[in-house]
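Here is what each chain is made of, one letter per residue.
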Amino acid sequence: MTPLAGYLLVAALLFAIGLAGALTRRNAILVLIGIELMLNAANLNLIAFWRYGPHPEAMTGMMFAIFSIAVAAAEAAVGLGLVIAVHRHAQTANLDEMNRMKG
Amino acid sequence: MSVMFWVISALTVVSALGSMLLKNLVHCALLLSVTFAGLALLFLQLDAQFAGFAQILVYVGAVAILVVFAILLTRSAEAPKEGGVFSRTWLAGLAVAAAVFATVGSAVLYSVRGLPHETATPEVTVLGIGQSLMSTYVLPLEIVALLLTVATIGAVIVAMHEKPEKKIGGTK
């Protein structure tokens, strides 16, 4: 097995774990954590392809991963702010109980 | 494949599993930072030093702290009294995730012969990264700076305490 295949398999496993968490947990914060795990798995793919690709000196993949980290940080801040705002309004962070759009 | 790679990836995957399975959300957040640190080590194994240290700074340093703050502010550290931590439709979610992993994993395994082998270590310096950030990628850099500013202000406004007399619509 080539090293690239190992990294791709680890990234696929992390993505599946994050997806399973985002789909099955009841707490909104855990769903956000699952989304962060999926974003990180994608970053691992980008960097692995950059490292073993034909032109690593162009730095394209790593730059993509760095920008992706920045966007993911913005997403985490807004998402957790939304969870806190919803918790203040509905007194719960449980997704099964957030079933109304009217306050 | 080095032994180090398998050790780091086993640590990363096991801590990711734990952060999705544990009941106590504070334990989940701690295991999540272990996962992020393991991913940073994988980046360092891939000779992407800058991305690895950015990962440690942003994820282990900032996002994990944000997650802990959100858990404590929403008082959801203790497990809910009834119903458990998983939703009623957990079997369907697990099936979707397993299907996604089977698809992606089989795609990787089928294409393993076409994947490139070990190549020479790329010459990447922080100086080179900075120069390309200031020349080739200057427009994306500015857009990301704007995005981070807008997202920070937006997060603060969304999470800010709303005064009762100014409230628009909605009832408590």
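To be clear, the structure that these remarks concern was listed above.
Residues numbered from 1 in each chain as written. Chains lettered and ligands numbered in written order. Predicted model: local features only at pLDDT ≥ 70, side-chain atom pairs only at ≥ 80, totals over all residues. Heavy atoms only, no water.

K.L.:
Please give an account of the overall build of chain B that cites residues and values.
P.N.:
The secondary structure content of chain B amounts to six helices and zero strands. Starting at the N terminus, the α and β elements of chain B follow one another as α-α-α-α-α-α. A globule of 172 residues ought to have a C-alpha radius of gyration of about 16 Å, yet chain B, at 21 Å, is considerably larger. With the C-alpha coordinates aligned to their principal axes, the bounding extent of chain B is approximately 65 × 45 × 25 Å. Residues classed as buried in chain B amount to 31% of the 172 residues present. The contacts in chain B between residues at least 6 apart in sequence include a share of 54% that link residues at least 24 apart. (Helix = DSSP H or I, 4+ residues; strand = E, 2+ residues; numbered from the N terminus. Rg over C-alpha atoms; globule rule 2.2 N^0.38 Å. Buried < 20%, exposed > 50% of the residue type's maximum accessible area, 1.4 Å probe, protein only. Contact = heavy atoms within 4.5 Å.)

K.L.:
Could you give an account of helix H5 (residues 126–134) of chain B, with specific residues and numbers?
P.N.:
All buried positions along H5(B) are accounted for by Ile129(B), Ser132(B) and Leu133(B). One face of H5(B) carries all of its buried residues, which in axial projection span an arc of 105°. Exposed and oriented more than 90 degrees from the buried face of H5(B) are Leu127(B) and Met134(B). For H5(B), the elements touching its buried residues are helix H3 (60–90) of chain A together with helix H3 (49–73) and helix H6 (138–159) of chain B. (Arc of directions from axis to C-beta.)

K.L.:
Give a detailed account of the side chain of Arg25(A), specifying residues and quantitative values.
P.N.:
As for its position among the elements, Arg25(A) is in the loop between helix H1 (3–24) and helix H2 (28–52). Those residues in contact with Arg25(A), other than ones at most four positions away along the chain, are Leu30(A), Val31(A), Leu95(A), Met20(B), Leu21(B), Leu22(B), Lys23(B), Leu25(B), Cys28(B), Val85(B) and Phe86(B).

K.L.:
So what's going on with the pattern of salt bridges? Which residues, and what values?
P.N.:
Under the counting rule described, the total for this entry stands at one salt bridge over all chains. Salt-bridge contacts for Arg51(A) lead to Asp47(B); the nearest nitrogen and oxygen are separated by 2.7 Å. Within this pair, whereas Arg51(A) is found in helix H2, its partner Asp47(B) is found in the loop between helix H2 (25–45) and H3, the two belonging to separate chains. Each member of the pair, Arg51(A) together with Asp47(B), is buried. (Salt bridge = Lys/Arg side-chain N within 4 Å of Asp/Glu carboxyl O.)

K.L.:
Outline the packing of H2(A) against H3(B), listing residues and values.
P.N.:
Direction vectors running N to C along H2(A) and H3(B) enclose 175°, while the axes themselves pass 12 Å from each other. If you check the angle between H2(A) and H3(B), you find them roughly antiparallel. Contact residues: H2(A) offers Ile29(A), Ile33(A), Glu36(A), Asn40(A) and Ile47(A), while H3(B) offers Ala51(B), Gln55(B), Tyr59(B), Val63(B), Val67(B), Ala70(B) and Ile71(B). Taken together, the residues that form the contact of H2(A) with H3(B) break down as nine nonpolar, two polar and one charged. (Axes fitted to C-alpha atoms, helices over the stretch in contact; angles between N-to-C directions. Parallel < 35°, antiparallel > 145°, perpendicular 65-115°, else oblique. Nonpolar A, V, L, I, M, F, W, Y, C, P; charged D, E, K, R; others polar.)

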